[in-house]
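Spelled out from the first residue to the last, the chains are:
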Amino acid sequence: MKFIVNSQIFNKQLQAMSGVLANNNTVPIINCFHFQIEENILTVRATDLETTLVTKIELESGRSEGLDQVAVPSKLLLDILKNLDDVPMTFTLNPNNFAIEIASGDGKYSLAGQNAESFPIVPVIEDSAKAIIPASVLVNCISKTSFACSNDEMRQQMSGIFMKFSTENLTVVATDAHKLVRYRNSEVQADQDVEFILPRKPITLIKNIIASYKDDFPVTVEYNKTNVSFSFDNFFAVCRLVEGKYPNIEAAIPKENPNKLIVDRISFLNTLRRVSIFANKSTHQVRLAMDGAVLEVSAEDIEFSNVAHEKIGCEYQGSPMEIGFNARFLMEMVNNMETERIIIEMSQPTRAGIIFPYYEEENDSKEDILMLVMPVMLAN
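Brief notes about the state of the cysteines
Put plainly, a disulfide is one covalent bond tying together the sulfur atoms of two cysteines.
Turning to step 1, where the next piece is worked out: Under the criterion given, the structure shown has zero disulfides.
Turning to step 2, where the next piece is worked out: Here Cys149 is not disulfide-linked; the sulfur of Cys141 is the nearest cysteine sulfur, at 11 Å.
Turning to step 3, where the next piece is worked out: Cysteine Cys239 is unpaired, with the sulfur of Cys149 as its nearest cysteine sulfur at 13 Å.

Dropping the structure here:
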């Protein structure tokens, strides 16, 4: 195997792939990239056994010369590439002992490759269904929901993102039981209803790769009961789905919420950032007190005698009310909204608050987003 490729293009593609690589894994060969060459195309694979990423790189020249594949130590290769100038590099493999030589300018670097025959194969998705999602929609739905996933390894279903295709829309949900985000988009429709739970790691990797592109483009999604794949441009990704049933999130959303707070999103976010500095470090509790056109945001840490109060203008419809929230959760949600103002709907201090984007005029967007945050019990 011998090929010539631009070092910066090569580095960019491999860096995008490297996120899937596991640390301290028990299968040494998956610490490697799998290289396979065919004419002037190099196919690179990386896997952690749960997720596999594949990319194709166009070479300046390439030929197999008796051996068309090899496993290359990923960390060492990436360290070399990120320190090379933007110049062509020549990659040569000795088919007898899998030794690899990299030549770039006046430099030559040697590393030991491995026989690629034992590298895990790419899973084949049989009996699959298919859907097409615009790249911008996929990035948006992941960005707006993934922060709400659970970090609890004992609750695997809630550690992933729930995705449901229907004949009407695409629904994406994430929750950790303290906060919840539901995203819907009527631009994406499927021939039949299907739902599954995606692990957060691969879906975040895919989002980051797609987000690096400037243009919008279609992403093909194929899925069955155990795996899902995403293909676009010169990338292909396949991952194992999370087993189990996702919680019934509709049952957790309060239906009657007569108290409605409308507030400027940026002003509210900045107020939360300042006031939360004075909150208790374990509960991160902030208190919202609403009455008429005034919203008071306050926090107190009794142990250190730290107190903060701020008042901002608002529009409030409902009975005077005080409710406590975890400031970190609230800031994450408000930060992931895009409208100038938001509306928070509430029923009582012991029930969840629901956050929506607020539109001044009738909204014809195909997106619909709802964020729910559970209250924190207020101290007397």
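Describing the side chain of Gln13
Turning to step 1, where the next piece is worked out: Here Gln13 lies in helix 1 (residues 7-18).
Turning to step 2, where the next piece is worked out: For Gln13, a relative accessible area of 13% puts it in the buried group.
Turning to step 3, where the next piece is worked out: Contact partners of Gln13, with chain neighbours within four places excluded, come to Thr55, Lys56, Ile57, Asn234 and Phe235.

What about the sheet that holds strand 20 (residues 294-301)?
Turning to step 1, where the next piece is worked out: The four strands lie next to each other as 21-20-19-23, forming an open sheet whose pairing is antiparallel. Edge positions in the sheet fall to strand 21 (306-313) and strand 23 (321-326), since each of these pairs with one other strand and no more. The average angle at which neighbouring strand axes cross in this sheet is 20 degrees, direction not considered.
Turning to step 2, where the next piece is worked out: Alignment of strand 19 (residues 285-291) against strand 23, held across six bridges, turns out to be antiparallel. Bridged to Gln285 within strand 23 is Asn326.
Turning to step 3, where the next piece is worked out: Together, strand 19, strand 20 and strand 21 form the strand contacts of helix 5 (residues 265-275), whose direction differs from that of strand 20 by roughly 20 degrees.
Turning to step 4, where the next piece is worked out: The sheet strands contacting helix 6 (residues 327-335) are strand 19 and strand 23, and the helix crosses strand 23 at an angle near 90 degrees.

Remarks on the nonpolar core
Turning to step 1, where the next piece is worked out: With 106 residues, the main nonpolar core has Phe35, Phe165 and Phe268 as its most contacted residues.
Turning to step 2, where the next piece is worked out: Excluding anything up to four places from it in sequence, Phe165 contacts Ala131, Ile133, Leu170, Val188, Ala190, Gln192, Asp193, Val194, Phe196, Val221 and Tyr223.
Turning to step 3, where the next piece is worked out: Counting 12 residues, the second largest nonpolar core, distinct from the first, contains Phe162, Ala352, Ile354 and Leu372.

Structural notes on helix 3 (residues 135-145)
Residues three or four positions apart in an α-helix share a direction because the helix packs 3.6 residues into each turn.
Turning to step 1, where the next piece is worked out: Counting buried positions over the 11 residues of helix 3 gives nine, a clear majority of the element.
Turning to step 2, where the next piece is worked out: Those residues of helix 3 lying buried are Ala135, Val137, Leu138, Val139, Asn140, Cys141, Ile142, Lys144 and Thr145.

Structural notes on unusual backbone geometry
Turning to step 1, where the next piece is worked out: If you check the backbone angles, Glu39 has positive phi at about 55 degrees while not being a glycine.
Turning to step 2, where the next piece is worked out: Assignment of secondary structure puts Glu39 in the loop between strand 2 (32-38) and strand 3 (41-47).
Turning to step 3, where the next piece is worked out: Overall, the relative accessible area of 69% leaves Glu39 in the exposed class.
Turning to step 4, where the next piece is worked out: A positive phi angle is found at Leu49, which is not glycine, with a value near 80 degrees.

Focus on helix 5
Turning to step 1, where the next piece is worked out: Among all positions of helix 5, only Arg265, Phe268, Leu269, Thr271, Leu272 and Val275 are buried. All buried residues of helix 5 project into a common sector of 165 degrees when viewed along the axis, lining one side.
Turning to step 2, where the next piece is worked out: Check the buried side of helix 5 and you find it contacts strand 18 (259-264), strand 19, strand 20, strand 21, helix 6 and strand 24 (341-346).
Turning to step 3, where the next piece is worked out: For helix 5, the side-chain oxygen to backbone nitrogen distance between the N-cap and Ile266 is 3.3 Å, and the N-cap itself is Asp264.

A closer look at the pairing of strand 26 (residues 367-373)
Turning to step 1, where the next piece is worked out: The buried fraction of strand 26 amounts to five of the seven residues, a majority that puts the element mostly inside the structure.
Turning to step 2, where the next piece is worked out: Note: strand 13 (residues 179-185) against strand 26, seven bridges, orientation antiparallel. Following the sheet pairing, Lys179 is matched in strand 26 by Val373.
Turning to step 3, where the next piece is worked out: Alignment of strand 25 (residues 353-358) against strand 26, held across three bridges, turns out to be antiparallel. Among the inter-strand pairings, Ile354 is bridged to a residue of strand 26, identified as Leu372.

Some details on the sheet that holds strand 9 (residues 107-112)
Turning to step 1, where the next piece is worked out: Taken in spatial order, the five strands line up as 5-1-7-8-9 in an open sheet, and their pairing is antiparallel. Single-partner strands in this sheet number two, and they are strand 5 (61-63) and strand 9. Looking at each pair of strands side by side, their axes are set apart by 20 degrees on average, direction ignored.
Turning to step 2, where the next piece is worked out: As defined by bridge partners, strand 8 (residues 99-104) adjoins strand 9 across six bridges and the pair is classed as antiparallel. When the sheet's bridge partners are listed, Glu101 is paired in strand 9 with Ser110.

Focus on the environment of Asn280
Turning to step 1, where the next piece is worked out: When you line up the elements, Asn280 lands in the loop between helix 5 and strand 19.
Turning to step 2, where the next piece is worked out: For Asn280 and Val334, which are 54 residues apart along the polypeptide, the C-alpha to C-alpha distance reads 20 Å.
Turning to step 3, where the next piece is worked out: Setting aside chain neighbours within four positions, we find Asn280 in contact with Gln285, Glu300 and Asp301.
Turning to step 4, where the next piece is worked out: Among the polar contacts listed, one links the side chain of Asn280 to the backbone nitrogen of Thr283, at a separation of 3.1 Å.

Conventions used here
Residues numbered from 1 in each chain as written. Predicted model: local features only at pLDDT ≥ 70, side-chain atom pairs only at ≥ 80, totals over all residues. Heavy atoms only, no water. Disulfide = S-S within 2.5 Å. Helix = DSSP H or I, 4+ residues; strand = E, 2+ residues; numbered from the N terminus. Buried < 20%, exposed > 50% of the residue type's maximum accessible area, 1.4 Å probe, protein only. Contact = heavy atoms within 4.5 Å. Pairing = 2+ DSSP bridges. Axes fitted to C-alpha atoms, helices over the stretch in contact; angles between N-to-C directions. Core = buried A, V, L, I, M, F, W, Y, C linked by side-chain atoms within 4.5 Å. Arc of directions from axis to C-beta. Polar contact = N/O pair within 3.5 Å; in protein donor to acceptor, adjacent residues only side chain to side chain.

Such coordinate-based values are descriptive only and should not be taken to indicate function.
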